[in-house]
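If you want the building blocks of each chain, they are given just below.
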Amino acid sequence: MKLPKAASAMNRSMKLLGAGSVEDLAIRQAAWVARCVGRGHAAPLTQQDLTALAAGLHTETFEPGAVIFQAGSAPPGVWIVRNGRVELSVGSGRKRSVVQLLGPGDVDGDIQHLLDMPLPYTARAVDEATVLFLSAQDFEGLLASRLTIARRWLSSVAERLAASHERIIGMLGRSLTAQVAQLLLEESVHGSIPLPQRTLAAMLGVARPSLNKILKDFERRGLIQLHYGGIDVTDEAGIRTLAE
C-alpha cells in the first residue's frame, strides 16, 4: 500500500507526542527510542547523543496490511515501532506462520544488519502503525561515533536474544495446553489478547481447531472469555498455573 507523505507522517507523530516544533518532536522521539534500547542506568545518554540520534530518525506510517519489509531482502536499516502493532511472519498461504507481534518500543532489523544477513520474515502492519526508521548508514554512524549509544544498543540486542532463547527453551517438552496458557500470558495487554485465533494458532504452529478446543476448555473453566477477534483473561492465576 502507498505510504502517506512525509509531512503527513510527521503531523501524525506530532499529534501522538504532543504539540511542539519539529526539532522538539525529533528530540522527544530520540529520548523515547533511547528508553527502548538497553539499560539507561548503565549508559546514560547526553544531550549530544540524543541530538545525534534524533538527526537520523524518520517517521513512517503504514496502513493495516501494508508490508513494512519483505523476507529475504537485505535490511535497509532499523525499525522501532512507535504506535500500533506489526506482525512478523514466514511462509505464505496455509503454510504462513506468525513468529512474533511487535508493539510500541519493539525494535527490529538491527541484528540482521549487524550480522549482514537477509531479513528472515516479512513484517506487516496489523493496524495503522507508526514506525521510526533509522537507515543503515545512520545506524552505523551512531555506533561508530557515539560509544554510549553503541553500549546501549548492544545491551538491547543481548536482552532480545536472551528473551528469544528463554521462550524457545520454555516451550520445549511442554503440552499444547501449557503452551497456549503461556502464549496468552505473553500476549495479554491489561488482561486482554487483541488477536484472532488464526493468528494465535499460527504463532504456535498448530491447526486452529486444536487451539480452539483448548480455548473452549479454558472458557468452560472460567479462565477466559472468548469474543470476536480477541480473548479476555478472567482468571490470570489459573492461566499461570496451567502454564507452569
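Throughout, residues of each chain are indexed from 1 in the direction in which the sequence is written. Residues qualify for local features only when their pLDDT is at least 70, as the model is predicted, and side-chain atom pairs are given and counted only at 80 or more; totals for whole chains, interfaces and linings, by contrast, use all residues. Hydrogens and water are ignored here; the side-chain numbers use all heavy atoms of the structure.

1. A look at the pattern of salt bridges
A carboxyl oxygen of Asp or Glu within 4 Å of a side-chain nitrogen of Lys or Arg is what we treat as a salt bridge. Enumeration over the complete set of coordinates arrives at six salt bridges. The partner of Asp217 in a salt bridge is Arg221, with the nearest N and O atoms 3.1 Å apart. Relative accessible area serves as the criterion here: at 25%, Asp217 is assigned to the partly exposed category. Categorising residues by exposure relies on relative accessible area from a 1.4 Å probe, with only protein chains included: less than 20% of the type maximum marks a residue as buried, more than 50% marks it as exposed, and the intermediate range marks it as partly exposed. On the basis of relative accessible area, Arg221 is assigned to the partly exposed category, the value being 48%. The residue Glu236 makes a salt bridge to Arg240 at a minimum N-O spacing of 2.9 Å. With Glu236 and Arg240 both in helix α10 (residues 236-243) and four residues apart, the pair spans about one turn of that helix. What emerges from the salt-bridge pattern is a single network uniting Asp217, Arg220 and Arg221. By definition, any uninterrupted DSSP run of H or I lasting at least four residues is a helix, any uninterrupted run of E lasting at least two residues is a strand, and each is numbered from the N terminus.

2. Description of the packing of helix α5 (residues 136-145) against helix α6 (residues 147-171)
One can describe the packing of α5 onto α6 by two numbers: an axis separation of 5 Å at closest approach and a directional angle of 110 degrees. Between α5 and α6, the angle is such that the two are roughly perpendicular. Residues Phe139, Leu142, Leu143 and Ser145 of α5 form the contact with α6, whose participating residues are Leu147, Ile149, Ala150 and Trp153. Classifying every residue of the contact of α5 with α6 gives seven nonpolar, one polar and no charged. An axis is simply a line fitted to the C-alpha atoms; with a helix, the fit covers only the stretch in contact. Between two such axes, the angle follows the N-to-C directions and lies from 0 to 180 degrees. We call two directions roughly parallel when the angle between them is under 35 degrees, roughly antiparallel when it is over 145, roughly perpendicular when it lies between 65 and 115, and oblique otherwise. Contact definition: two residues touch when any of their heavy atoms are within 4.5 Å. Classification convention: Asp, Glu, Lys, Arg as charged; Ala, Val, Leu, Ile, Met, Phe, Trp, Tyr, Cys, Pro as nonpolar; all other residues, Gly among them, as polar.

3. Observations concerning the nonpolar core
Counting 25 residues, the largest nonpolar core has Leu184, Leu200, Leu215, Phe218, Ile224 and Ile239 as its most contacted members. Counting only elements with at least two residues in this core, the list comes to β5 (97-102), α7 (176-187), α8 (197-204), α9 (208-220), β10 (224-227), β11 (230-233) and α10. In this structure, Val37, Leu50, Leu53 and Trp153 belong to the second largest nonpolar core, which totals 22 residues. For the purposes of this section, nonpolar cores are sets of buried Ala, Val, Leu, Ile, Met, Phe, Trp, Tyr and Cys residues that join through side-chain atoms within 4.5 Å.

4. Observations concerning the pairing of β5
In this analysis, strands are considered paired if DSSP registers two or more bridges between them. Bridging between strand β4 (residues 86-90) and β5 involves five bridges; their strand directions are antiparallel. Pairing of Leu88 across the sheet is with Gln100, part of β5. In textbook terms, the turn of a hairpin is the stretch between consecutive antiparallel strands, and for β4 and β5 this stretch comprises six residues, one of which, Gly91, has a positive phi near 75 degrees.

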